[in-house]
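The lines below spell out each chain.
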Amino acid sequence: MPLLRRRKPRKKRCRHDSKELEARGLELRIPEGGELVLLNQFLILGALLFSLGVYGLLVRRNAVMVLLSIELMLNAVNVNLVAFESFLRNAGAGGQIFAIFVITVAAAEVGIGLAIILLIFRNRTSANVDELDLMKW
Amino acid sequence: MNTFTNLVLAAAEEAEHSIEYGDGGIFAEWAWLLVIVPFVAFVAIVFFGKRLPRQGGEIAVGAMAFVFIYAAILFVINTVEGVVFEHSVEVARIGSFAIEWGWVVDGLSSMMYLVIGLLAFLIFTYALGYMEGDVRPTWFFAAFTLFAGSMLLLVSAPNLIQLIVGWEGVGLASYLLIGHWWEDKENSSAGMKAFYVNKVADIGLVIGAFVLAIPVGSFRISDVLDAVVGNSGDIEAVAFWGAALLFIGAMGKSAQFPLHVWLPDAMAGPTPVSALMHAATMVTAGVYLLGRMYPLYAEMAAEARVPVLIIGTITLIIAGLLAVVQDDIKKVLAYSTVSQLGYMVAAMGAGAYTAGLFHLWTHAFFKGLLFLGAGSVIHSVHSNNMSDMGGLRKPMPVTFGTFVAGTLALAGIFPLAGFFSKDEILAAFNYEGYTAVLVIGVVGAFVTAFYMARTVFLTFYGTYKGHGRPHESPRVMTMPMVVLAGLAVVGGWVNIPGLYTGFTDWVGTRAQTFAEHHAESFDWPVVAIGLTAAFLGIVAGYFLYYRDEETQQARDSFRIPLLWPLLEHKYYLDDLYMNGIVTPIKGPIARFVDWTNSYVLDGIVNAAGFVTRALARFVYQDLDQRGIDLALNGVAYSTDDLAGRTRLLQTGKVQQYAGATVIGAVLLVIGFVVFG
Amino acid sequence: MSDWFSEPANWVFLVLALVIAVSAVRVVTSTNVVHSALFLVLALGATAGLFLLLSAEFVAWVLVLVYIGAVIVLFLFGIMITRAPTGPNVEMDHRPRAPAAMAAFLMFIVTAGSGLTAFGDQEITRLGDGTSTELIGEQLLQRFVIPFEVVSFVLLAALIGGITLARRDASPAEEEATEEEVQA
């Protein structure tokens, strides 16, 4: 990443002994930078995004807006997945692949969700969730 | 087994093949063309078919002619020297499992190639005439070619994955072609029914394939069968379940009871489709699967043959009986097909590998022929119903002649094809000592002859009752029928016990050796009984359904008592399936509850009320009602009040539920942290 | 803490996180549905930037293409078709909001708190060491091939389901209406 290329490498901080890693069949990749980037800053951002999504999910009246909030929550999950992928150094792209899966499933979910909303709208001429209370007493 | 039969079958042997076979040379190496050419033709028809004078039909027929010639060459090579050839190309790899595409040329597959190539070539030619003036002939030929390609893919499969791909491909083509005239709702639902029923069965096939492949570590059929023949312990543990699951798949495709319901409905498709797919080739895929995996069923999973035998036997008799009551000529033939498939499956179950495949071979000829004949009649009369036919012997001589040849072959009259194959199956039942099955098989032979005689008499004798003037079909349709009629006569001569048993050697040309029974000489008592049953069937048909001008009125309305209602409702199987889930819950139980309610409960309640009233009047005067009333009313009111409050929890508002879920999740996490 | 600020990547992070947080807040508070959707675009775009920072280029571009390119367009269509109210004085939220805000806040405390206690001040040391798209492709078709197939099946099911749901089958009432029209 040219954006993040450091001018002079700092002291390398490795938490793993290279020999120990080699014994486990893993390759030690010494990073070029980003030593002071904490994992937690991403996790907290993810938690914030997720909570905002929860808030929107609970408070919005329009079904489309509820779906938008769900997208926000899924996005929070993606942030966490990619951050963990970066954090665990030999994850073999698992985090990113699952982020891709989440994106795919989210796309499917939006398609179905909007189809359902469309159907509700057709039947009730409103897409407000609080008017859908057929399940009550 | 009785001693008499023992004597007769003294010459029978348990075959052991340990001969070195040839590899088929360049023709076997290039056998992938068999699969590729139809698929290329499919693409060509889709893209260029519409611009051609025959709407793409000529490409389809050309491709089938190629397949037929190539298959004939392979067949001849196999006949001369015996070929066992297999080649696989890796397509993808998941872990240690390789997904491969390949092709097998051995006795079994080259027999199937020939059947498919020959029938497809003839029926495609026939379809040129039959589908003339259709709404979408291009699409018909495209889907038909797709079917041929998928069927060849299935038959040529050296591994289970490719077999499943071909299996689903023919299922897809079947769905498309049954619903070819989808403007009619009935046709498209018939297509869907076929698809659904087959899907149910396919689950068994897929799971079975995995069950067998995982202990061996390979999807290759030869690897699985080598492990079976080598008595590998890993596969022995799963052999029974794998074999049983594969058979469930075969039950769907080969329309075995109770999954046979889709095949009669599949007759909604054009008649060439019924002839090629739903009579000659596709429905025999299940039998082919059993044959391909036969070394597994031979010894290791011999217990799995018991359900195969039972299901086959049930199928052969119930479907045969159903054929008796149908008015739709194609449905007669459809049930007949189910019944004959029952014979094949039962033969496989009885351990008669050759007999089952031999019946597949002869059945392909005469049943394909019968369907083409029926199609020719339908084409001329514009109705499927035999009540609209009659007296067609004069205007349609070629159709009549060939149809009768097919009928006699199917009925098993000496020396036509069906005689030899059916007799071999019956002899195998006898040899293995399945007397009950033998009896049912003989009854089945009687029923077969009876309903076919009925069909012939109702269709070709008596007076014509339809509209318009019936006429003979064009040459492009009659020529294939004449060829098939010839084959229906001579097709059985390739396996005459004691005289010439070439067929046994052809289909025995396999990479694996396995024990299998086939007769070395005729089982004369069985021959006599079988032939008598067939003759009796035809005679019975003659007496009940032969129509001339005078007797016609009486004959037309004839219904066999007792049996008829049951059969006309197809043993109520469709009703059972349609209502089987809903009605037992909704209908009888509700009715039972209602009955119980109005008689038993009401009786009890009334009686109790009567007694109580007498008692109460007594108590009322003695006990001060205020104390008790207060207590009871208090309970009632407080319950009502509580319910009124708690029911407010169920607001029906989704988001409040979601909020509760969120809070619940949070509390769970806190709980884990605090108490974990 | 000064160490943290001396790291340029963190400055990038701060800017992006600020953008994400603000636009996420706007997504759930805006009274205009279209604005909400557009703020979601902003939040997702910034998230894609965050992925670039975490050297997950492929995911970043997938996010941009699939979400911003396709999903949001779908949303805008959904808003348009359901004629969602877009005026300023429309009641967009339930009242009262406080319980929802409380639940969301608790959620934040729990998730963020568990992250803080579990990972403390551990660092991401791999920043700038990009995962090649080639590796993702290989992994996708080898180790994760079964989930991959399952996801493809889900997509197919969603496709069919979406069509089936949204297709307008004439209801009996509508059929009667058209019949009446014909008769009239």
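Given the structure is predicted, the values throughout are model-derived calculations rather than measurements. (Residues numbered from 1 in each chain as written. Chains lettered and ligands numbered in written order. Predicted model: local features only at pLDDT ≥ 70, side-chain atom pairs only at ≥ 80, totals over all residues. Heavy atoms only, no water.)

## A word on the overall build of chain A
Next, step 1: The helix and strand tally for chain A stands at four helices and zero strands.
Next, step 2: The helix and strand sequence of chain A, counted from the amino end, reads α-α-α-α.
Next, step 3: Residues classed as buried in chain A amount to 57% of the 137 residues present.
Next, step 4: Considering only contacts within chain A whose residues lie at least 6 apart along the sequence, 60% involve residues at least 24 apart.
Next, step 5: As displayed, chain A has an accessible area near 6100 Å², and 60% of this comes from carbon and sulfur atoms. (Helix = DSSP H or I, 4+ residues; strand = E, 2+ residues; numbered from the N terminus. Buried < 20%, exposed > 50% of the residue type's maximum accessible area, 1.4 Å probe, protein only. Contact = heavy atoms within 4.5 Å. Areas by Shrake-Rupley, 256 points an atom, 1.4 Å probe, with all protein chains shown as cover.)

## Looking at the overall build of chain C
Next, step 1: The helix and strand tally for chain C stands at eight helices and zero strands.
Next, step 2: Reading the helices (α) and strands (β) of chain C from amino to carboxyl end gives α-α-α-α-α-α-α-α.
Next, step 3: In chain C, which comprises 184 residues, the proportion classed as buried is 37%.
Next, step 4: Taking contacts inside chain C between residues at least 6 apart in sequence as the whole, the part at least 24 apart equals 59%.
Next, step 5: Here chain C displays about 10000 Å² of accessible surface, and carbon together with sulfur accounts for 70% of that area.

## Remarks on the interface of chain C and chain B
Next, step 1: In this complex, chain C contributes seven residues to the contact, which on the side of chain B involves eight residues.
Next, step 2: Counting each side, the surface lost to burial between chain C and chain B is near 670 Å², with a carbon and sulfur contribution of 84%.
Next, step 3: The interface formed by chain C and chain B holds zero residue pairs in polar contact (both at pLDDT 80 or more) in total.
Next, step 4: The element best represented in the side of chain C that touches chain B is helix H5 (residues 98–119) of chain C, accounting for four residues.
Next, step 5: Class assignment of the residues belonging to the side of chain C that touches chain B gives a composition of six nonpolar, one polar and no charged. (Buried area = accessible area lost by both parts, 1.4 Å probe. Polar contact = N/O pair within 3.5 Å; in protein donor to acceptor, adjacent residues only side chain to side chain. Nonpolar A, V, L, I, M, F, W, Y, C, P; charged D, E, K, R; others polar.)

## Some details on the confidence of the model for chain A
All names here are of chain A.
Next, step 1: Residues of chain A with pLDDT of at least 70 account for 69%, and the chain-wide mean is 75.
Next, step 2: Element-level pLDDT for chain A is lowest in helix H1 (residues 18–23), with a mean of 52, against a maximum mean of 91 in helix H2 (residues 39–59).
Next, step 3: Overall, residues 1–18 carries pLDDT values under 50, and its contacts beyond four positions in sequence, including any with other chains, amount to 26 contacts.
Next, step 4: Here residues 27–34 is a poorly scored stretch, pLDDT under 50, and it has 23 contacts once near neighbours within four places are set aside; other chains count. (pLDDT = per-residue confidence, 0-100.)

## Some points on the packing of helix H8 (residues 185–216) of chain B against helix H10 (residues 233–253) of chain B
Residue and element names in this part refer to chain B.
Next, step 1: In contact at an axis separation of 7 Å, H8 and H10 are set at 160 degrees when each is read in the N-to-C sense. Taken together, the axes of H8 and H10 lie roughly antiparallel to each other. Relative to H10, the crossing made by H8 is left-handed. Contacts from Asn198, Ala201, Gly204, Leu205, Ile207, Gly208, Ala209, Val211, Leu212, Pro215 and Val216 of H8 reach H10 at Asp234, Ile235, Val238, Gly242, Leu245, Leu246, Ile248, Gly249, Gly252 and Lys253.
Next, step 2: Its residues assigned to classes, the contact of H8 with H10 comprises 13 nonpolar, six polar and two charged. (Axes fitted to C-alpha atoms, helices over the stretch in contact; angles between N-to-C directions. Parallel < 35°, antiparallel > 145°, perpendicular 65-115°, else oblique. Left-handed = near helix turned anticlockwise from the far one by under 90°.)

## Some thoughts on the interface of chain C and chain A
Interfaces are often described in size by the accessible area the parts lose on coming together.
Next, step 1: Across the boundary between the two partners, chain C contributes 93 residues, which contact 83 residues of chain A.
Next, step 2: Summing the contributions of chain C and of chain A, the shared interface buries around 8200 Å²; its carbon and sulfur component is 72%.
Next, step 3: Where chain C touches chain A, the interface holds zero salt bridges.
Next, step 4: If you look at where chain C meets chain A, you find ten residue pairs in polar contact (both at pLDDT 80 or more).
Next, step 5: Of all the secondary-structure elements, those providing two or more residues to the side of chain C that touches chain A are helix H1 (2–6), helix H2 (8–29), helix H3 (33–53), helix H4 (57–81), H5, helix H6 (133–141) and helix H7 (145–166) of chain C.
Next, step 6: With 13 residues, H4 of chain C is the largest single contributor of residues to the side of chain C that touches chain A. (Salt bridge = Lys/Arg side-chain N within 4 Å of Asp/Glu carboxyl O.)

## Details of the pattern of salt bridges
All names here are of chain B.
Next, step 1: In the structure shown here, the tally under the stated rule is six salt bridges over all chains.
Next, step 2: Residue arginine 136 is joined to glutamate 183 by a salt bridge in which the shortest nitrogen-to-oxygen separation is 2.3 Å. On the criterion of sequence distance, the pair formed by arginine 136 in the loop between helix H5 (107–130) and helix H6 (137–155) and glutamate 183 in the loop between helix H7 (160–178) and H8 is long-range, its members being 47 residues apart.
Next, step 3: Owing to a relative accessible area of 17%, arginine 136 belongs among the buried residues under this scheme.
Next, step 4: For the salt bridge of aspartate 202 with lysine 199, the shortest nitrogen-to-oxygen distance reads 3.0 Å. With aspartate 202 and lysine 199 both in helix H8 and three residues apart, the pair spans about one turn of that helix.
Next, step 5: Connected through shared salt-bridge partners, Glu168, Lys199 and Asp202 make up one network.

## So, unusual backbone geometry
All names here are of chain B.
Next, step 1: The omega torsion across phenylalanine 257 and proline 258 is 0 degrees, close enough to zero to call that bond cis.
Next, step 2: Tracing the backbone shows proline 258 in the loop between H10 and helix H11 (262–265).
Next, step 3: With omega at 0 degrees, the peptide bond leading from phenylalanine 414 into proline 415 counts as cis.
Next, step 4: Looking at the secondary structure, you find proline 415 in the loop between helix H18 (397–411) and helix H19 (417–432).

## Quick look at the pairing of strand E2 (residues 85–94) of chain B
Residue and element names in this part refer to chain B.
Next, step 1: The pairing of E2 with strand E3 (residues 97–105) spans nine bridges and is classified as antiparallel. The residue bridging alanine 92 from the neighbouring strand is isoleucine 99, located in E3.
Next, step 2: Taken together, E2 and the strand that follows it, E3, pair antiparallel across an intervening segment of two residues, in which glycine 95 is found at a positive phi of about 55 degrees. (Pairing = 2+ DSSP bridges.)

## Looking at the confidence of the model for chain C
Next, step 1: Looking at chain C as a whole, the pLDDT averages 82, with 83% of positions reaching at least 70.
Next, step 2: With a pTM of 0.66, the predicted complex shows an ipTM of 0.84.

## Describing the packing of aromatic side chains
Residues and elements named next belong to chain B.
Next, step 1: Counted according to the given criterion, the structure contains 33 aromatic pairs over all chains.
Next, step 2: What links up through ring pairs into an aromatic cluster is the set Phe400, Phe403, Phe457, Phe460, Tyr461 and Tyr542.
Next, step 3: The side chain of lysine 199 reaches across the aromatic face of phenylalanine 195, ending 4.4 Å from its centre. (Phe/Tyr/Trp six-rings, centres within 6.5 Å; stacked < 30°, edge-to-face > 60°. Lys NZ or Arg CZ within 6 Å of the ring centre and 35° of its normal.)

## Thoughts on the packing of H6 of chain B against helix H13 (residues 285–292) of chain B
Residues and elements named next belong to chain B.
Next, step 1: Where H6 meets H13, the axes come as close as 11 Å, and the angle between the chain directions of the two elements is 15 degrees. In terms of orientation, H6 and H13 fall into the roughly parallel class. Crossing hand, H6 versus H13: right-handed. Contacts between H6 and H13 involve Met151, Leu154 and Val155 from the first element and Ala285, Tyr288 and Arg292 from the second.
Next, step 2: In terms of residue class, the contact of H6 with H13 is built from five nonpolar, no polar and one charged.

## Some thoughts on the nonpolar core
Next, step 1: In this structure, Phe144, Met293, Tyr297 and Trp361 of chain B are the most contacted members of the largest nonpolar core, which totals 183 residues.
Next, step 2: By residue number, the principal contributor to this core is H5 of chain B, which donates 17 residues.
Next, step 3: Two domains each provide a minimum of three residues to this core, namely domain 1 (17–204 + 271–286) and domain 2 (301–557) of chain B.
Next, step 4: Residues within four places of methionine 293 of chain B in sequence aside, it is in contact with Leu160, Leu212, Ile221, Val224, Leu225 and Leu246 of chain B.
Next, step 5: Val66 of chain A together with Leu16, Ala24 and Leu140 of chain C belong to the second largest nonpolar core, which has 80 residues in total. (Core = buried A, V, L, I, M, F, W, Y, C linked by side-chain atoms within 4.5 Å. Domains from an automatic or database assignment.)

## Notes on the environment of valine 12 of chain C
Residues and elements named next belong to chain C.
Next, step 1: Position of valine 12 among the secondary structure elements: in helix H2.
Next, step 2: Valine 12 sits in the partly exposed class, given a relative accessible area of 28%.
Next, step 3: Linking valine 12 and leucine 50, residues 38 residues apart in sequence, is a C-alpha distance of 8.4 Å.

## A few points about the side chain of lysine 330 of chain B
Residue and element names in this part refer to chain B.
Next, step 1: Tracing the sequence through the fold places lysine 330 in helix H16 (residues 329–349).
Next, step 2: Despite its burial, lysine 330 pairs with no opposite charge; the closest candidate is aspartate 328, at 6.9 Å N-O.
Next, step 3: Within the local environment of lysine 330, its side chain forms a polar contact with the side chain of threonine 271, the two groups lying 3.5 Å apart.
Next, step 4: In terms of polar contacts, lysine 330 uses its side chain to reach the side chain of serine 274, at 3.2 Å.
Next, step 5: Excluding anything up to four places from it in sequence, lysine 330 contacts Met267, Gly269, Pro270, Thr271, Ser274, Phe371, Ile378 and Asn384. (Lys, Arg positive; Asp, Glu negative; His and termini not counted.)

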